[in-house]
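Single-letter residue listing:
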Amino acid sequence: MTGTRIAALGHYQPAKVLTNHDLAALVDTDDAWITSRVGIRTRHVAGPEEPVDELAAQAAGKALAAAGLTAGDIDLVLVATSTAIDRSPNTAARVAARLGMVSPATMDLNVVCAGFTHALATADHAVRAGAARRALVIGADKMTDITDWTDRTTCVLVGDGAGAAVVEAVEADTGAIGPVLWGSVPEMGHAVRIEGTPPRFAQEGQSVYRWATQQLPALARQACERSGVAPEDLAGVVLHQANLRIIEPLAAKIGAVNAVVARDVVDSGNTSAASIPLALAKLVERGELPSGAPVLLFGFGGNLSYAGQVVRVP
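The model shown is predicted, which means the values in this text are computed figures rather than measured ones. (Residues numbered from 1 in each chain as written. Predicted model: local features only at pLDDT ≥ 70, side-chain atom pairs only at ≥ 80, totals over all residues. Heavy atoms only, no water.)

1. Some points on the nonpolar core
Quick reminder of the rule: Throughout this description, the term nonpolar core refers to a set of buried Ala, Val, Leu, Ile, Met, Phe, Trp, Tyr and Cys residues connected via side-chain atoms within 4.5 Å. Summary of the burial criterion: residues with accessible area below 20% of their type's maximum are buried, those above 50% are exposed, and those between are partly exposed, where the area comes from a 1.4 Å probe applied to protein chains only. Elements are defined by DSSP. Helices are runs of H or I of four residues or more, strands are runs of E of two residues or more, and each kind is numbered from the N terminus. Here a residue-residue contact requires only that any non-hydrogen atoms of the pair lie within 4.5 Å.
Among the nonpolar cores identified, the biggest contains 49 residues, and Trp211, Leu216, Leu234, Leu296 and Phe298 are the most heavily contacted of them. Counting residues per element, the ones that place at least two in this core are α2 (31–37), α7 (205–227), β11 (236–239), α8 (244–254), α9 (265–268), β13 (294–300) and β14 (306–312). A per-element tally of this core places α7 first, with 8 residues. Here Leu296 is in contact with Ala220, Ala223, Cys224, Leu234, Gly236, Val237, Val238, Ile254, Gln309 and Val310, once residues within four sequence places are set aside.

Printed below as a string of structure tokens:
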């Protein structure tokens, strides 16, 4: 059977940085209030000249370069995003055009904050089935486009960015991308929303917090079981970067006692579908995760959808 692996990663964030002190000039908040509740200190903000597909293409270009590949080597582009303003051409097609690809299949996936892990699983399945040889999997969101900057409960959370992975076929199935565990809680779809005209991000923070802290540890352990990796053998844990108060207890409850835990939310805020590949790419870039080491990725968010798998570091 054909196997798959992540060949390389890339990430991109806009240059502009918004601090908690900057936000205090916009709404009734302060650094202490924000850090005590969500752990965020800064976030990156894209300008009008940086649409979602530009963020995605920047991250994708870096992933291709790291893999030693060209745009012509890719035959499938999957972009996880929930903040693209235009419906067609979709974001994946725009990325393909920006990078000069020839004739790839191009699809967007909207699973909000769990988008990247859903897209990674989809690419894994497509390559294993022989429908593609190499895929670009991108999580990209411009959350600041859909934010109510008068609402202090949400505007302090969000940031913009993108992360990308090159997924390719290998001759033997080495488990470099493990089986996905995915699902949702449809009756709790109201807990995280992007609705209206213009669309605005809203959430019921306490509902999400309770569900994540109570339900996710068992789900994450199931994802480990599917890959045959014990939580204590994980080298890293990269959860959706929503809230430091969720991330740190979850990693402990999973039993990942020896793992490096991604805490990119402190510097980047909640970047939705971009958060997992952003955080993973940074850990790899800094040398905090060795090549071949097992890392649990687990996304959760809108619709209370979730998806997780254990992958091997490229």
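2. Here's the deal with helix α10 (residues 275–285)
For α10, the tally of buried residues reaches 9 of 11 residues, placing the bulk of the element in the interior. One or two residues past the end of α10 sits Gly287, with phi positive at roughly 75 degrees.

3. Examining the packing of aromatic side chains
Operational definition: Pairs were defined over the aromatic rings of Phe, Tyr and Trp, the Trp ring being its six-membered one, requiring ring centres within 6.5 Å. Orientation was assigned from the angle between planes: stacked under 30 degrees, edge-to-face over 60, tilted for the rest. Here, over-ring charges are defined by two tests on the NZ atom of lysine or the CZ atom of arginine: distance to the ring centre within 6 Å, and angle to the ring normal within 35 degrees.
Counted according to the given criterion, the structure contains 2 aromatic pairs. Each ring, one from Trp211 and one from Tyr306, has its centre 6.1 Å from the other, and the planes form 35 degrees; the classification is tilted. Residue Trp211 is found in helix α7, and its partner Tyr306 is found in strand β14; the two are separated by 95 residues along the sequence. Take Trp211 and Tyr306: they sit in the same class, and that class is buried. Site record: aromatic cluster; members linked through ring pairs are Trp211, Phe298 and Tyr306. The positively charged end of Arg152 is found above the aromatic ring belonging to Trp33, 4.3 Å away from the centroid.

4. Examining the sheet that holds strand β7 (residues 160–170)
What counts here: Should DSSP find at least two bridges between two strands, the strands are taken to pair. Fitted lines through C-alpha atoms give the axes, limited to the stretch in contact for helices. The angle between two N-to-C directions lies from 0 to 180 degrees.
Strand order across the open sheet formed by 5 strands is β1-β7-β6-β4-β5, with mixed pairing between neighbours. Two strands in the sheet have a free side with no partner beyond their single neighbour: β1 (3–12) and β5 (105–109). In this sheet, neighbouring strand axes are inclined to one another by 20 degrees on average, regardless of whether the strands run parallel or antiparallel. Strand direction decides the pairing type here: strand β4 (residues 76–80) and strand β6 (residues 134–142), joined by 5 bridges, are parallel. Residue pairing in the sheet places Leu76 in a bridge with Ala135 of β6. Sitting on the sheet, helix α4 (residues 91–99) touches β4, β5 and β6, and the angle it makes with β5 is about 135 degrees.

5. Notes on the pairing of β13
Of all 7 residues making up β13, 7 are buried, and the element is well covered by its neighbours. Here β13 shows a buried face lined by Pro294, Leu296, Phe298 and Phe300 and a second buried face lined by Val295, Leu297 and Gly299. Bridge count between β11 and β13: 4 bridges; the pairing is parallel. Looking at β13, one finds that Leu239 is bridged to Phe298. Across 7 bridges, β13 lies against β14 in antiparallel orientation. Bridge pairing in β14 links Leu296 to Val310. Connecting the antiparallel pair β13 and β14 is a turn made up of 5 residues, with Asn303 showing a positive phi of about 70 degrees.

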